[in-house]
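# Working through the structure, step by step
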Amino acid sequence: MRQFMDDNFLLTNDTAVQLYAAIRDLPIIDYHCHLDAAAIAENKRFRNITDLWLGGDHYKWRLMRTHGVPESHITGDAPDAEKFAAWCGTLEMAIGSPLYHWSHMELKQYFNWHEPVMAQNAAQIYIHCNAIIERQDFNVHSLLKHSRVEWLATTDDPADTLEHHAKIKADNIPGLARILPTFRPGILLEAGHRDFMDYLRKLERVSDVKITSWGTLLAALSQRLDFFASMGCVISDHSLEPPVFDATATDADAAKILYDMFYDGASVTPEQAVAFKTRLFAWLGNQYQARGWTMQLHMGAMRANNTRMMNLVGADTGFDSMADLPFAHALSRILDDLENRDALPKTILYALNPTADDMLATMIGNFQGRGIRGRMQWGAPWWFNDSKPGMEKHLTTLATLGMVAHFVGMLTDSRSFISYPRHAYFRRILANQIGKWAEAGEFPRDLPLLTKIASDIAYYNARNYFS
(Lines give C-alpha, C1' and ligand atoms only; values in the text may rest on other atoms or scores of the structure.)
Protein backbone atom coordinates (compact mmCIF):
# COMPACT_ATOMS: atom_id res chain seq x y z
CA MET A 1 0.00 0.00 0.00
CA ARG A 2 1.31 3.43 -0.97
CA GLN A 3 1.78 6.15 1.65
CA PHE A 4 -0.30 9.30 1.36
CA MET A 5 1.28 11.64 -1.25
CA ASP A 6 4.78 10.21 -0.90
CA ASP A 7 7.79 11.22 -3.01
CA ASN A 8 6.49 9.07 -5.88
CA PHE A 9 2.95 10.46 -5.71
CA LEU A 10 1.14 9.75 -9.03
CA LEU A 11 4.19 7.89 -10.38
CA THR A 12 3.23 4.26 -10.91
CA ASN A 13 6.23 2.85 -12.82
CA ASP A 14 10.02 3.01 -12.70
CA THR A 15 10.33 4.99 -15.93
CA ALA A 16 7.96 7.63 -14.58
CA VAL A 17 10.10 8.02 -11.47
CA GLN A 18 13.21 8.60 -13.58
CA LEU A 19 11.46 11.01 -15.93
CA TYR A 20 9.98 13.08 -13.14
CA ALA A 21 13.38 13.36 -11.47
CA ALA A 22 14.68 14.81 -14.76
CA ILE A 23 11.92 17.41 -15.22
CA ARG A 24 10.93 18.22 -11.62
CA ASP A 25 13.18 21.26 -11.19
CA LEU A 26 12.87 22.81 -14.63
CA PRO A 27 11.84 26.49 -14.55
CA ILE A 28 8.18 27.43 -14.92
CA ILE A 29 6.70 29.49 -17.73
CA ASP A 30 3.20 30.56 -16.72
CA TYR A 31 1.91 31.89 -20.02
CA HIS A 32 -1.65 32.43 -18.81
CA CYS A 33 -2.63 33.50 -15.32
CA HIS A 34 -4.70 36.10 -13.49
CA LEU A 35 -2.11 37.21 -10.95
CA ASP A 36 -2.37 40.83 -9.86
CA ALA A 37 0.41 42.96 -11.37
CA ALA A 38 -0.11 45.53 -8.60
CA ALA A 39 0.63 42.88 -5.97
CA ILE A 40 3.86 42.02 -7.77
CA ALA A 41 4.87 45.67 -8.16
CA GLU A 42 4.21 46.33 -4.47
CA ASN A 43 5.78 43.02 -3.36
CA LYS A 44 2.61 42.30 -1.40
CA ARG A 45 2.61 40.60 1.96
CA PHE A 46 -0.33 38.63 3.34
CA ARG A 47 -2.06 39.10 6.67
CA ASN A 48 -2.51 35.34 7.21
CA ILE A 49 -3.09 31.97 5.49
CA THR A 50 -6.78 32.77 4.95
CA ASP A 51 -5.88 35.90 2.97
CA LEU A 52 -3.29 33.98 0.95
CA TRP A 53 -5.19 30.72 0.42
CA LEU A 54 -8.88 31.64 0.26
CA GLY A 55 -8.88 35.23 -0.96
CA GLY A 56 -10.51 35.31 -4.41
CA ASP A 57 -10.27 31.53 -4.92
CA HIS A 58 -13.63 30.58 -6.40
CA TYR A 59 -12.46 26.97 -6.85
CA LYS A 60 -12.41 26.61 -3.06
CA TRP A 61 -15.56 28.70 -2.60
CA ARG A 62 -17.62 26.39 -4.83
CA LEU A 63 -16.49 23.35 -2.85
CA MET A 64 -17.26 25.05 0.45
CA ARG A 65 -20.81 25.91 -0.67
CA THR A 66 -21.30 22.30 -1.76
CA HIS A 67 -20.16 21.21 1.72
CA GLY A 68 -22.81 23.43 3.30
CA VAL A 69 -20.53 26.18 4.59
CA PRO A 70 -22.53 29.43 5.08
CA GLU A 71 -21.61 32.36 2.82
CA SER A 72 -20.48 34.33 5.87
CA HIS A 73 -17.54 31.90 6.10
CA ILE A 74 -16.77 32.02 2.37
CA THR A 75 -17.05 35.59 1.04
CA GLY A 76 -18.62 37.13 4.12
CA ASP A 77 -17.32 38.80 7.27
CA ALA A 78 -16.64 35.79 9.50
CA PRO A 79 -13.25 35.86 11.28
CA ASP A 80 -10.36 34.60 9.18
CA ALA A 81 -9.62 31.73 11.57
CA GLU A 82 -13.19 30.50 11.26
CA LYS A 83 -13.09 30.73 7.44
CA PHE A 84 -9.90 28.70 7.44
CA ALA A 85 -11.40 26.08 9.74
CA ALA A 86 -14.43 25.86 7.44
CA TRP A 87 -12.14 25.25 4.49
CA CYS A 88 -10.18 22.55 6.34
CA GLY A 89 -13.43 20.81 7.26
CA THR A 90 -14.45 20.92 3.61
CA LEU A 91 -11.11 19.70 2.26
CA GLU A 92 -11.06 16.76 4.67
CA MET A 93 -14.00 15.24 2.76
CA ALA A 94 -12.85 16.15 -0.79
CA ILE A 95 -11.64 12.68 -1.78
CA GLY A 96 -10.73 12.48 -5.47
CA SER A 97 -10.70 16.27 -5.96
CA PRO A 98 -7.69 17.99 -7.54
CA LEU A 99 -8.15 20.64 -4.86
CA TYR A 100 -7.27 18.01 -2.27
CA HIS A 101 -4.01 17.28 -4.06
CA TRP A 102 -3.13 20.90 -4.87
CA SER A 103 -3.82 22.08 -1.34
CA HIS A 104 -1.56 19.47 0.24
CA MET A 105 1.17 20.11 -2.34
CA GLU A 106 1.00 23.85 -1.57
CA LEU A 107 1.24 23.27 2.17
CA LYS A 108 4.21 20.98 1.66
CA GLN A 109 6.11 23.27 -0.74
CA TYR A 110 5.57 26.63 0.92
CA PHE A 111 5.00 25.70 4.58
CA ASN A 112 6.77 22.36 5.06
CA TRP A 113 3.50 20.85 6.32
CA HIS A 114 3.17 17.13 5.56
CA GLU A 115 0.11 15.94 7.46
CA PRO A 116 -3.40 15.50 6.00
CA VAL A 117 -5.66 18.53 6.44
CA MET A 118 -8.59 17.82 8.74
CA ALA A 119 -11.07 19.85 10.75
CA GLN A 120 -9.42 18.71 13.97
CA ASN A 121 -5.97 20.12 13.07
CA ALA A 122 -7.19 23.34 11.39
CA ALA A 123 -6.10 25.52 14.30
CA GLN A 124 -2.65 23.91 14.36
CA ILE A 125 -2.17 24.46 10.61
CA TYR A 126 -3.43 28.04 10.94
CA ILE A 127 -0.85 28.87 13.62
CA HIS A 128 1.96 27.02 11.80
CA CYS A 129 1.37 28.77 8.45
CA ASN A 130 0.81 32.22 9.95
CA ALA A 131 4.14 32.04 11.78
CA ILE A 132 5.86 31.56 8.41
CA ILE A 133 3.77 34.24 6.68
CA GLU A 134 4.78 36.76 9.36
CA ARG A 135 8.45 36.39 8.45
CA GLN A 136 9.91 39.41 6.66
CA ASP A 137 11.00 37.32 3.67
CA PHE A 138 7.53 35.90 2.98
CA ASN A 139 6.21 38.06 0.16
CA VAL A 140 5.15 37.87 -3.47
CA HIS A 141 8.68 38.16 -4.84
CA SER A 142 10.01 35.40 -2.62
CA LEU A 143 7.10 33.15 -3.56
CA LEU A 144 7.77 33.59 -7.28
CA LYS A 145 11.48 32.93 -6.80
CA HIS A 146 10.81 29.90 -4.61
CA SER A 147 8.47 28.56 -7.29
CA ARG A 148 11.20 28.84 -9.99
CA VAL A 149 8.98 31.01 -12.21
CA GLU A 150 11.03 32.20 -15.18
CA TRP A 151 8.33 34.41 -16.61
CA LEU A 152 4.60 34.84 -16.35
CA ALA A 153 1.94 36.65 -18.34
CA THR A 154 -0.81 38.50 -16.48
CA THR A 155 -4.20 39.24 -18.09
CA ASP A 156 -4.76 42.89 -18.96
CA ASP A 157 -7.41 45.05 -20.63
CA PRO A 158 -6.37 47.08 -23.72
CA ALA A 159 -7.26 50.28 -21.84
CA ASP A 160 -5.01 49.38 -18.89
CA THR A 161 -2.20 51.87 -18.32
CA LEU A 162 0.15 49.03 -17.28
CA GLU A 163 1.67 51.31 -14.63
CA HIS A 164 2.39 48.33 -12.39
CA HIS A 165 4.19 46.55 -15.19
CA ALA A 166 6.22 49.71 -15.75
CA LYS A 167 7.22 49.79 -12.08
CA ILE A 168 8.21 46.11 -12.12
CA LYS A 169 10.29 46.72 -15.22
CA ALA A 170 11.95 49.83 -13.75
CA ASP A 171 12.73 48.16 -10.42
CA ASN A 172 14.49 45.28 -12.20
CA ILE A 173 14.57 43.07 -9.10
CA PRO A 174 17.42 40.51 -9.36
CA GLY A 175 16.16 36.96 -9.68
CA LEU A 176 12.51 37.97 -10.11
CA ALA A 177 10.54 36.39 -12.95
CA ARG A 178 9.89 38.47 -16.03
CA ILE A 179 6.34 39.82 -15.74
CA LEU A 180 4.65 40.36 -19.10
CA PRO A 181 1.20 41.74 -19.89
CA THR A 182 -1.37 39.93 -22.02
CA PHE A 183 -3.66 41.88 -24.36
CA ARG A 184 -7.21 40.72 -23.57
CA PRO A 185 -10.09 42.58 -25.24
CA GLY A 186 -13.42 42.03 -23.51
CA ILE A 187 -16.26 44.53 -23.90
CA LEU A 188 -14.41 45.93 -26.91
CA LEU A 189 -15.74 43.15 -29.16
CA GLU A 190 -19.28 43.31 -27.77
CA ALA A 191 -20.96 46.23 -29.57
CA GLY A 192 -24.30 45.35 -27.96
CA HIS A 193 -22.93 45.50 -24.39
CA ARG A 194 -24.50 48.16 -22.19
CA ASP A 195 -21.05 49.55 -21.31
CA PHE A 196 -19.66 49.52 -24.85
CA MET A 197 -19.82 53.27 -25.49
CA ASP A 198 -18.37 54.08 -22.06
CA TYR A 199 -15.54 51.68 -22.81
CA LEU A 200 -14.76 53.49 -26.08
CA ARG A 201 -14.48 56.75 -24.15
CA LYS A 202 -12.03 55.08 -21.77
CA LEU A 203 -10.04 53.74 -24.71
CA GLU A 204 -10.08 57.21 -26.22
CA ARG A 205 -8.53 58.76 -23.13
CA VAL A 206 -5.76 56.23 -22.70
CA SER A 207 -4.83 56.13 -26.41
CA ASP A 208 -5.19 59.89 -26.99
CA VAL A 209 -7.12 59.11 -30.19
CA LYS A 210 -10.59 60.60 -30.70
CA ILE A 211 -12.84 57.66 -31.64
CA THR A 212 -15.51 58.75 -34.08
CA SER A 213 -15.47 55.97 -36.69
CA TRP A 214 -14.26 52.47 -37.53
CA GLY A 215 -10.97 53.89 -38.78
CA THR A 216 -10.29 55.90 -35.62
CA LEU A 217 -11.22 52.90 -33.46
CA LEU A 218 -8.57 50.85 -35.27
CA ALA A 219 -6.08 53.71 -34.88
CA ALA A 220 -6.71 53.78 -31.11
CA LEU A 221 -6.26 50.02 -30.91
CA SER A 222 -3.05 50.19 -32.95
CA GLN A 223 -1.69 52.62 -30.39
CA ARG A 224 -2.59 50.25 -27.57
CA LEU A 225 -1.09 47.25 -29.34
CA ASP A 226 2.16 49.14 -29.87
CA PHE A 227 2.18 50.21 -26.21
CA PHE A 228 1.59 46.65 -24.98
CA ALA A 229 4.37 45.44 -27.27
CA SER A 230 6.72 48.06 -25.80
CA MET A 231 5.95 46.58 -22.37
CA GLY A 232 6.96 43.08 -23.51
CA CYS A 233 3.58 41.67 -24.52
CA VAL A 234 3.74 38.66 -26.85
CA ILE A 235 0.34 37.08 -26.12
CA SER A 236 -3.29 38.04 -26.64
CA ASP A 237 -6.32 36.36 -25.14
CA HIS A 238 -10.01 36.28 -26.05
CA SER A 239 -12.89 34.90 -24.05
CA LEU A 240 -15.41 33.97 -26.74
CA GLU A 241 -18.81 33.37 -25.19
CA PRO A 242 -20.35 32.14 -27.33
CA PRO A 243 -17.81 31.66 -30.15
CA VAL A 244 -20.20 32.80 -32.89
CA PHE A 245 -19.06 34.56 -36.08
CA ASP A 246 -20.63 35.86 -39.30
CA ALA A 247 -18.58 34.75 -42.28
CA THR A 248 -20.51 37.12 -44.58
CA ALA A 249 -19.76 40.28 -42.57
CA THR A 250 -17.48 42.94 -44.06
CA ASP A 251 -15.49 45.83 -42.66
CA ALA A 252 -18.03 48.14 -44.26
CA ASP A 253 -20.76 46.46 -42.20
CA ALA A 254 -18.78 47.01 -39.00
CA ALA A 255 -18.10 50.63 -39.94
CA LYS A 256 -21.81 51.30 -40.55
CA ILE A 257 -22.82 49.69 -37.26
CA LEU A 258 -20.40 51.97 -35.42
CA TYR A 259 -21.50 55.03 -37.43
CA ASP A 260 -25.16 54.41 -36.64
CA MET A 261 -24.34 54.05 -32.95
CA PHE A 262 -22.34 57.27 -32.87
CA TYR A 263 -24.51 59.52 -34.99
CA ASP A 264 -28.03 58.10 -34.88
CA GLY A 265 -28.01 56.58 -31.42
CA ALA A 266 -29.09 53.30 -32.97
CA SER A 267 -29.24 50.18 -30.84
CA VAL A 268 -27.36 47.09 -31.98
CA THR A 269 -29.24 43.94 -32.98
CA PRO A 270 -27.81 40.53 -32.04
CA GLU A 271 -26.97 39.94 -35.70
CA GLN A 272 -25.11 43.25 -35.95
CA ALA A 273 -23.22 42.49 -32.74
CA VAL A 274 -21.97 39.24 -34.26
CA ALA A 275 -20.98 40.99 -37.50
CA PHE A 276 -19.07 43.68 -35.58
CA LYS A 277 -17.28 41.09 -33.43
CA THR A 278 -16.34 39.07 -36.51
CA ARG A 279 -14.68 41.94 -38.32
CA LEU A 280 -12.91 43.42 -35.29
CA PHE A 281 -11.65 39.98 -34.27
CA ALA A 282 -10.35 39.40 -37.81
CA TRP A 283 -8.52 42.74 -37.73
CA LEU A 284 -7.00 41.94 -34.36
CA GLY A 285 -5.84 38.53 -35.56
CA ASN A 286 -4.03 40.23 -38.40
CA GLN A 287 -2.36 42.60 -35.93
CA TYR A 288 -1.22 39.74 -33.70
CA GLN A 289 0.24 37.90 -36.67
CA ALA A 290 2.09 41.01 -37.85
CA ARG A 291 3.64 41.44 -34.40
CA GLY A 292 4.55 37.78 -33.97
CA TRP A 293 2.21 37.36 -31.02
CA THR A 294 0.37 34.22 -29.95
CA MET A 295 -3.44 34.36 -29.78
CA GLN A 296 -5.38 32.43 -27.14
CA LEU A 297 -9.09 31.63 -27.56
CA HIS A 298 -11.04 30.51 -24.48
CA MET A 299 -14.43 29.06 -25.37
CA GLY A 300 -17.31 27.27 -23.75
CA ALA A 301 -17.87 29.00 -20.41
CA MET A 302 -21.37 29.93 -19.25
CA ARG A 303 -20.93 32.67 -16.70
CA ALA A 304 -22.96 34.28 -13.93
CA ASN A 305 -25.62 31.57 -13.74
CA ASN A 306 -26.89 32.36 -10.24
CA THR A 307 -28.37 35.86 -10.44
CA ARG A 308 -29.28 36.06 -6.76
CA MET A 309 -25.76 35.23 -5.63
CA MET A 310 -24.20 37.42 -8.30
CA ASN A 311 -26.16 40.35 -6.91
CA LEU A 312 -24.97 39.49 -3.41
CA VAL A 313 -21.27 38.77 -3.92
CA GLY A 314 -20.43 39.87 -7.49
CA ALA A 315 -18.78 38.33 -10.54
CA ASP A 316 -16.04 35.66 -10.58
CA THR A 317 -17.12 34.23 -7.25
CA GLY A 318 -17.92 30.65 -8.29
CA PHE A 319 -21.15 30.65 -10.28
CA ASP A 320 -19.83 29.75 -13.73
CA SER A 321 -20.05 26.39 -15.49
CA MET A 322 -19.65 24.64 -18.84
CA ALA A 323 -21.67 25.67 -21.87
CA ASP A 324 -22.72 23.10 -24.46
CA LEU A 325 -23.31 25.16 -27.61
CA PRO A 326 -21.73 23.68 -30.76
CA PHE A 327 -19.07 25.96 -32.25
CA ALA A 328 -16.88 23.87 -34.56
CA HIS A 329 -18.22 25.42 -37.79
CA ALA A 330 -17.94 29.01 -36.56
CA LEU A 331 -14.42 28.43 -35.23
CA SER A 332 -13.34 26.80 -38.50
CA ARG A 333 -14.68 29.72 -40.56
CA ILE A 334 -12.93 32.44 -38.57
CA LEU A 335 -9.61 30.56 -38.53
CA ASP A 336 -9.93 29.90 -42.25
CA ASP A 337 -10.65 33.57 -42.91
CA LEU A 338 -7.48 34.57 -41.07
CA GLU A 339 -5.40 31.87 -42.76
CA ASN A 340 -6.57 32.86 -46.25
CA ARG A 341 -5.47 36.44 -45.59
CA ASP A 342 -2.10 35.32 -44.18
CA ALA A 343 -3.30 36.80 -40.89
CA LEU A 344 -3.56 33.74 -38.64
CA PRO A 345 -1.12 34.02 -35.73
CA LYS A 346 0.15 31.16 -33.64
CA THR A 347 -3.02 30.18 -31.79
CA ILE A 348 -3.95 28.22 -28.68
CA LEU A 349 -7.51 26.89 -28.43
CA TYR A 350 -9.20 26.07 -25.11
CA ALA A 351 -12.67 24.68 -24.47
CA LEU A 352 -14.24 24.40 -21.04
CA ASN A 353 -16.55 21.55 -22.01
CA PRO A 354 -14.54 18.34 -22.64
CA THR A 355 -17.11 17.23 -25.21
CA ALA A 356 -15.16 19.57 -27.53
CA ASP A 357 -11.81 17.89 -26.82
CA ASP A 358 -11.65 15.69 -29.90
CA MET A 359 -12.92 18.52 -32.07
CA LEU A 360 -10.19 20.92 -30.92
CA ALA A 361 -7.49 18.25 -31.08
CA THR A 362 -8.37 17.72 -34.75
CA MET A 363 -9.19 21.38 -35.55
CA ILE A 364 -5.62 22.46 -34.85
CA GLY A 365 -4.39 19.99 -37.47
CA ASN A 366 -6.26 21.94 -40.15
CA PHE A 367 -4.08 25.02 -39.72
CA GLN A 368 -0.60 23.72 -38.90
CA GLY A 369 2.38 24.41 -41.12
CA ARG A 370 4.33 27.53 -42.07
CA GLY A 371 7.44 25.75 -40.81
CA ILE A 372 6.44 26.23 -37.14
CA ARG A 373 6.39 23.22 -34.84
CA GLY A 374 3.02 23.08 -33.14
CA ARG A 375 1.93 26.38 -34.66
CA MET A 376 -1.65 25.62 -33.59
CA GLN A 377 -2.09 24.31 -30.05
CA TRP A 378 -4.89 22.68 -28.13
CA GLY A 379 -4.33 24.42 -24.83
CA ALA A 380 -3.82 22.90 -21.41
CA PRO A 381 -6.83 21.43 -19.58
CA TRP A 382 -8.73 24.48 -18.43
CA TRP A 383 -10.59 25.34 -15.24
CA PHE A 384 -12.86 22.37 -14.46
CA ASN A 385 -10.57 20.06 -16.42
CA ASP A 386 -7.15 20.56 -14.81
CA SER A 387 -7.53 17.39 -12.77
CA LYS A 388 -5.69 14.07 -12.91
CA PRO A 389 -8.23 12.45 -15.29
CA GLY A 390 -8.49 15.70 -17.28
CA MET A 391 -4.73 15.90 -17.79
CA GLU A 392 -4.43 12.21 -18.62
CA LYS A 393 -7.24 12.52 -21.15
CA HIS A 394 -5.65 15.60 -22.67
CA LEU A 395 -2.27 13.93 -23.13
CA THR A 396 -3.69 10.72 -24.61
CA THR A 397 -6.17 12.51 -26.88
CA LEU A 398 -3.52 14.89 -28.20
CA ALA A 399 -1.09 12.00 -28.73
CA THR A 400 -3.78 10.06 -30.60
CA LEU A 401 -5.10 12.87 -32.79
CA GLY A 402 -2.12 15.21 -33.02
CA MET A 403 1.46 15.31 -31.75
CA VAL A 404 1.80 15.59 -28.00
CA ALA A 405 5.60 16.03 -28.20
CA HIS A 406 5.05 19.63 -29.38
CA PHE A 407 2.49 20.54 -26.70
CA VAL A 408 3.37 23.79 -24.86
CA GLY A 409 2.39 22.32 -21.51
CA MET A 410 0.79 23.56 -18.34
CA LEU A 411 -0.28 26.95 -17.02
CA THR A 412 -1.93 28.02 -13.76
CA ASP A 413 -4.88 30.19 -14.93
CA SER A 414 -4.78 31.25 -11.29
CA ARG A 415 -5.10 34.30 -9.05
CA SER A 416 -3.01 32.69 -6.31
CA PHE A 417 0.73 33.17 -5.81
CA ILE A 418 1.05 29.65 -4.37
CA SER A 419 -0.67 27.84 -7.23
CA TYR A 420 2.59 26.73 -8.87
CA PRO A 421 2.47 23.16 -7.53
CA ARG A 422 -0.07 22.67 -10.33
CA HIS A 423 2.96 22.49 -12.62
CA ALA A 424 4.45 19.75 -10.44
CA TYR A 425 1.08 17.98 -10.51
CA PHE A 426 1.07 18.13 -14.31
CA ARG A 427 4.71 17.06 -14.58
CA ARG A 428 4.05 14.00 -12.42
CA ILE A 429 1.07 13.02 -14.57
CA LEU A 430 3.09 13.69 -17.73
CA ALA A 431 6.02 11.55 -16.55
CA ASN A 432 3.66 8.77 -15.53
CA GLN A 433 1.83 8.74 -18.87
CA ILE A 434 5.02 8.67 -20.91
CA GLY A 435 6.37 5.97 -18.61
CA LYS A 436 3.23 3.87 -19.09
CA TRP A 437 3.57 4.06 -22.88
CA ALA A 438 7.22 3.00 -22.70
CA GLU A 439 6.77 0.20 -20.18
CA ALA A 440 3.80 -1.19 -22.09
CA GLY A 441 6.01 -1.54 -25.16
CA GLU A 442 4.05 1.12 -27.05
CA PHE A 443 7.17 3.30 -27.48
CA PRO A 444 10.87 2.44 -27.14
CA ARG A 445 12.19 2.73 -23.61
CA ASP A 446 14.91 5.07 -24.85
CA LEU A 447 15.43 7.12 -21.69
CA PRO A 448 17.30 10.05 -23.32
CA LEU A 449 14.54 10.40 -25.96
CA LEU A 450 11.76 10.04 -23.39
CA THR A 451 13.47 12.63 -21.20
CA LYS A 452 13.70 15.06 -24.11
CA ILE A 453 9.98 14.66 -24.91
CA ALA A 454 9.01 15.13 -21.25
CA SER A 455 11.34 18.11 -20.81
CA ASP A 456 10.06 19.78 -23.96
CA ILE A 457 6.43 19.48 -22.85
CA ALA A 458 7.24 20.58 -19.30
CA TYR A 459 9.29 23.64 -20.26
CA TYR A 460 11.23 23.94 -23.53
CA ASN A 461 8.29 23.94 -25.95
CA ALA A 462 6.73 26.94 -24.19
CA ARG A 463 10.07 28.76 -24.05
CA ASN A 464 10.56 28.32 -27.79
CA TYR A 465 6.92 28.89 -28.78
CA PHE A 466 6.58 32.29 -27.10
CA SER A 467 10.07 33.54 -27.90
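Above this note sits the structure.
In this convention, every chain numbers its residues from 1, walking through the sequence in written order. Only residues with pLDDT of at least 70 are given local features in this predicted model, and only at 80 or more are side-chain atom pairs given and counted; all residues enter the totals for whole chains, interfaces and linings. Side-chain metrics in this entry use all non-hydrogen atoms of the structure; hydrogen atoms and water are not considered.

### Structural notes on the state of the cysteines
The disulfide definition used here is simple: a pair of cysteine sulfur atoms within 2.5 Å. What the rule picks out here adds up to zero disulfides. Here C129 is not cross-linked by a disulfide; its sulfur's nearest cysteine counterpart is in C88, at 8.6 Å. For the exposure calls, accessible area comes from a 1.4 Å probe over protein chains only, and a residue counts as buried if that area is under 20% of its type's maximum, exposed if over 50%, partly exposed in between. Note on C129: relative accessible area 0%, which makes it buried. Just so you know, C233 is unpaired, no disulfide at all, and the nearest cysteine sulfur is the one on C33, 13 Å from it.

### Quick look at helix α6 (residues 98–111)
Each helix corresponds to a stretch of at least 4 residues labelled H or I by DSSP, and each strand to a stretch of at least 2 residues labelled E; elements are numbered beginning at the N terminus. Here a helix's expected span is defined as the number of its residues, less one, multiplied by 1.5 Å. Counted at 1.5 Å a residue, the expected span for α6 with its 14 residues is 20 Å, and the 19 Å between its end C-alpha atoms agrees. Counting buried residues in α6 gives twelve out of 14 residues, a clear majority hidden from the surface. Looking only at α6, the buried set comprises P98, L99, Y100, H101, W102, S103, H104, M105, E106, L107, Y110 and F111. By definition in these notes, contact holds between two residues if any of their heavy atoms fall within 4.5 Å. Buried-residue contacts for α6 involve α3 (49–54), α4 (58–66), α5 (80–91), α7 (122–133), α8 (140–146) and α18 (421–439).

### Re the packing of aromatic side chains
Put simply, two rings from Phe, Tyr or Trp (the six-membered ring, in Trp's case) pair if the centres are within 6.5 Å, and we call them stacked under 30 degrees between planes, edge-to-face over 60, tilted for the rest. Applying the stated rule across the entire model yields 26 aromatic pairs. Here the aromatic rings of Y259 and Y263 are separated by 4.6 Å at their centres, their planes lie at 40°, and the arrangement is tilted. Here Y263 and Y259 lie together in helix α12 (residues 251–263), a separation of four residues that amounts to about one turn. Among the residues examined, Y259 registers a relative accessible area of 47% and is labelled partly exposed. The exposure class assigned to Y263 is partly exposed, which follows from its relative accessible area of 47%. Taken together, the ring pairs connect F183, F227, F228, Y288 and W293 into an aromatic cluster. Comment: the charge-over-ring label is applied if NZ (Lys) or CZ (Arg) is within 6 Å of the ring centre and within 35 degrees of the ring normal. Stacked on the ring of Y465, the Lys or Arg K346 has its end atom at 4.7 Å from the ring centre. R422 extends its terminal NZ or CZ atom over the ring of Y59, reaching a point 5.1 Å from the ring centre.

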